[in-house]
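Chain by chain, the residues:
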Amino acid sequence: MNIKSVIAIVFSVSMMLLSCSDSDSFSMSPALHLTFSEDSISLDTVFSTVPTATRSFWVYNHSKDGIRCTTVRLQRGNQTGFRVNVDGAYLGQSVGYQTQNVEIRAGDSIRVFVELTSPNNYSLNPKLIEDNLIFSLENGNEQKVNLNAYSWDAKILNNVTIEKDSTLHDVRPIIVYGGIRVGENATLTIPEGTSIYFHHDAGIDVYGRLITQGTPEREVMLRGDRIDRMFDYLPYDNISGQWKGIRFHQTSFSNTMTYTDLHGANDGIVCDSSATDRPKLTMDACTVHNCQGYGIAARYVQMALSNCQISNTLNDCLSIEDGVTLLNNCTIAQYYPFNSERGTALSVSIRALFKSLQCRNTLITGYDDNVLRMAVTDTTVQHLYQFDDCMIRTPKVTTKDSIHYNRVIFENVTDTTMYGYHQFVKIDTDNLRYDFRLKDKSAAIGKANPSTTMPTDRNGLKRDDLPDIGSYEAERTK
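Residues numbered from 1 in each chain as written. Predicted model: local features only at pLDDT ≥ 70, side-chain atom pairs only at ≥ 80, totals over all residues. Heavy atoms only, no water.

**Side note on the overall build of the chain**
Consideration 1: Per the secondary structure count, the chain includes 1 helix and 40 strands.
Consideration 2: When each of the 478 residues of the chain is scored for burial, the buried share is 51%.
Consideration 3: Partitioning the contacts of the chain with sequence separation of at least 6, the portion at a separation of at least 24 is 62%.
Consideration 4: For the chain, the accessible area works out to roughly 22,000 Å², and carbon and sulfur atoms hold 48% of it. (Helix = DSSP H or I, 4+ residues; strand = E, 2+ residues; numbered from the N terminus. Buried < 20%, exposed > 50% of the residue type's maximum accessible area, 1.4 Å probe, protein only. Contact = heavy atoms within 4.5 Å. Areas by Shrake-Rupley, 256 points an atom, 1.4 Å probe, with all protein chains shown as cover.)

**Structural notes on the sheet that holds strand E4 (residues 67-74)**
Consideration 1: Spatially, the 5 strands line up as an open sheet ordered E2-E10-E9-E4-E7, and their pairing is mixed. Of all the strands in the sheet, the pair left with one neighbour each is strand E2 (40-47) and strand E7 (98-104). Each strand of the sheet is rotated relative to its neighbour by a mean of 20°, with strand direction disregarded. (Pairing = 2+ DSSP bridges. Axes fitted to C-alpha atoms, helices over the stretch in contact; angles between N-to-C directions.)

**Things to note about unusual backbone geometry**
Consideration 1: The residue Asn101 is not glycine, and still its phi comes out positive at about 55°.
Consideration 2: Inspection of the secondary structure puts Asn101 in strand E7.

**Some points on the packing of aromatic side chains**
Consideration 1: All told, the structure shown has 16 aromatic pairs when counted by the stated rule.
Consideration 2: Consider the rings of Phe36 and Phe57, whose centres lie 6.5 Å apart with planes at 70°: the pair is edge-to-face. Separated by 21 residues along the polypeptide, Phe36 in strand E1 (residues 35-36) and Phe57 in strand E3 (residues 55-60) bring together distant segments of the chain.
Consideration 3: Taking relative accessible area as the criterion, Phe36 reaches 11% and is therefore assigned buried.
Consideration 4: Relative accessible area serves as the criterion here: at 0%, Phe57 is assigned to the buried category.
Consideration 5: For the ring pair Phe47 and Trp152, a centre distance of 5.8 Å and an interplane angle of 25° mean the geometry is stacked. Highlighted residues: Phe47 in strand E2 and Trp152 in strand E10 (residues 142-152), separated in sequence by 105 residues.
Consideration 6: Owing to a relative accessible area of 5%, Phe47 belongs among the buried residues under this scheme. (Phe/Tyr/Trp six-rings, centres within 6.5 Å; stacked < 30°, edge-to-face > 60°.)

**What to know about the nonpolar core**
Consideration 1: Residues Ile246, Ile269, Met283, Leu305, Leu318 and Phe387 are the most contacted members of the largest nonpolar core, which totals 61 residues.
Consideration 2: Other than its neighbours up to four places away in sequence, Ile246 contacts Ile204, Val206, Leu210, Leu222, Met257, Leu262, Asp267, Gly268, Ile269 and Val270.
Consideration 3: Formed by 30 residues, the second largest nonpolar core is a distinct cluster that contains Phe57, Ile67, Val72 and Leu116. (Core = buried A, V, L, I, M, F, W, Y, C linked by side-chain atoms within 4.5 Å.)

**Here we look at the side chain of Asp468**
Consideration 1: As for its position among the elements, Asp468 is in the segment after strand E40 (433-438).
Consideration 2: Judged by its relative accessible area of 13%, Asp468 falls in the buried class.
Consideration 3: A polar side-chain atom of Asp468 sits 2.8 Å from the main-chain amide nitrogen of Gly446. (Polar contact = N/O pair within 3.5 Å; in protein donor to acceptor, adjacent residues only side chain to side chain.)

**Some details on the side chain of Thr194**
Consideration 1: Mapped onto the secondary structure, Thr194 falls in the loop between strand E14 (187-191) and strand E15 (195-198).
Consideration 2: Assessed through its relative accessible area of 0%, Thr194 is described here as buried.
Consideration 3: A polar contact is formed between the side chain of Thr194 and the backbone oxygen of Pro191, at a distance of 2.8 Å.
Consideration 4: In contact with Thr194, not counting residues within four places along its chain, are Leu168, His169, Ile174, Glu219, Val220 and Met221.

**Focus on the pattern of salt bridges**
Consideration 1: Tallied over the full model, the rule gives 18 salt bridges.
Consideration 2: A salt bridge links Arg105 to Glu103, with the nearest nitrogen and oxygen atoms 3.9 Å apart.
Consideration 3: Judged by relative accessible area, which is 31%, Glu103 ranks as partly exposed.
Consideration 4: As a salt-bridge pair, Glu321 and Arg351 come within 3.0 Å of each other at their nearest N and O atoms. Taken as a pair, Glu321 in strand E30 (residues 318-328) and Arg351 in strand E32 (residues 346-360) lie far apart in primary sequence, 30 residues in all.
Consideration 5: Each of Arg68, Glu103, Arg105 and Glu138 takes part in salt bridges that share partners, so that together they form one network. (Salt bridge = Lys/Arg side-chain N within 4 Å of Asp/Glu carboxyl O.)

**Description of the pairing of strand E29 (residues 309-313)**
Consideration 1: Burial analysis of E29 places 5 of its 5 residues in the buried class, which makes it a mostly covered element.
Consideration 2: As paired strands, strand E26 (residues 287-291) and E29 are joined by 4 bridges and run parallel to one another. Residue pairing across strands places Thr287 opposite Gln309, the latter belonging to E29.
Consideration 3: The pairing of E29 with strand E31 (residues 331-334) spans 3 bridges and is classified as parallel. Bridging across to E31, Gln309 finds its partner in Thr331.

**Points about the environment of Gly193**
Consideration 1: Checked against the element boundaries, Gly193 lands in the loop between E14 and E15.
Consideration 2: By relative accessible area, Gly193 is classed as partly exposed at 25%.
Consideration 3: Between the C-alpha atom of Gly193 and that of Arg218, which follows or precedes it by 25 residues, the distance is 4.6 Å.
Consideration 4: Residues within four places of Gly193 in sequence aside, it is in contact with Arg218 and Glu219.

**Focus on the environment of Met230**
Consideration 1: Summarising the element assignment, Met230 is placed in strand E19 (residues 229-231).
Consideration 2: Among residues more than four places away in sequence, those in contact with Met230 are Pro235, Tyr236 and Ile239.

**Notes on the sheet that holds strand E6 (residues 89-90)**
Consideration 1: The 5 strands are arranged E1-E3-E8-E5-E6 in an open sheet whose pairing can be described as antiparallel. Edge positions in the open sheet fall to E1 and E6, since each of these has one partner strand only.
Consideration 2: Sheet topology places E1 next to E3; 2 bridges connect them, and they run antiparallel. Considered in E3, the bridge of Phe36 is made with Val59.

Encoded structure:
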């Protein structure tokens with residue numbers, strides 16, 4: 001290599017070093033400041049002593065000079081339970097909940113991660129907890145990002161086994177990890193106003209008996225334990241598959257559920273094959289909504305559902321195989337938003353062990369042209385099924401099977417724009433909010449049979465002489 005080449009290389013390297021030096025210069029000008037992707041980080045409502053999911057935000061330097069932070073610190077130190085990582089530096093106790101000499105070069109950025117495990121607040125109501133992340137700049141400026149959440153005390157249970165008659169209740173929310181197992185000789189009662197939040201691996205396995213005793217004013221609520229948000233507009237509570245649901249095993253009989261809101265599960269309720277001479281499950285004024293599997297799956301059992309809403313499931317909303325079933329004043333609506341390969345609203349399999357199905361004053365609808373599936377796999381079985389005074393989104397039955405449909409309104413299946421939306425108060429597919437009460441102009445208004453419908457004075461509310469098809473108890477906006 002000749003001397004000219006060496007000089008050229010040295011000159012090029014020198015220019016590169018000078019260029020780097022210029023771009024890495026740090027200014028003390030008081031005019032310089034940082035920009036944050038968010039000025040406030042809200043973790044919404046969180047459970048006390050339970051770690052939250054991680055949130056993050058960006059810190060930008062949009063100036064032409066580098067900015068140096070002499071310190072970045074949590075204003076209240078260890079008093080609030082916030083945990084912060086600034087560009088890889090954890091603001092822990094050993095460093096006094098701060099980091100020093102954080103450099104952000106011209107046009108560059110750093111990322112900050114935030115978590116929270118809040119202490120008990122010893123209150124029945126959520127309590128505001130907040131701190132400030134203080135950025136002290138070398139030029140004397142001070143900027144901050146507010147960190148906040150509402151902390152809610154809860155009772156935490158792990159791998160609960162019920163071996164004798166017990167009541168599960170607390171004025172606080174109850175968080176369940178690992179699940180609840182009700183033994184064969186035990187009854188678990190969940191009284192009015194109880195709210196149980198299940199971790200993703202948790203559900204209720206019933207070998208004995210389960211009783212939920214909600215009231216119109218104070219329902220029993222069963223849901224997942226994520227109370228934060230997937231996106232700003234979308235709480236995890238509106239997402240299916242958050243917990244395992246309820247399974248009534250073969251040895252379980254005489255289960256009753258009243259005024260109970262179950263939503264966001266995998267399979268909402270599964271009833272294992274048992275017998276038809278004893279009631280397996282009786283539900284009144286309950287909601288099973290937004291499940292990643294079945295809403296209710298019943299296999300050769302005796303089951304009665306009155307004034308219930310079963311809606312929005314990946315598989316069938318209500319799946320019945322054989323057995324004895326009574327449905328009265330129910331709404332079965334299949335508008336599951338997460339998968340176009342969703343199941344149907346009501347699926348009935350008539351096989352060798354089929355006994356009977358009575359469906360009265362019930363609204364069955366959804367996206368498909370036919371949301372009712374009647375599968376006859378044993379032609380020797382007597383077809384003891386009947387739909388009386390119902391409204392069903394299915395083509396009008398004109399074959400010999402029409403004897404099973406008495407005073408049924410067949411919804412207009414050519415309506416592929418509204419898909420039955422016009423029946424209900426709210427079908428908000430953008431924000432995943434649903435209210436399956438009937439609109440005033442619904443064709444199901446005043447079409448139920450007064451002699452077989454639910455009592456007209458339920459909850460002290462006097463209804464018209466001609467009651468409505470479908471359930472009508474509570475506003476369902478989950």
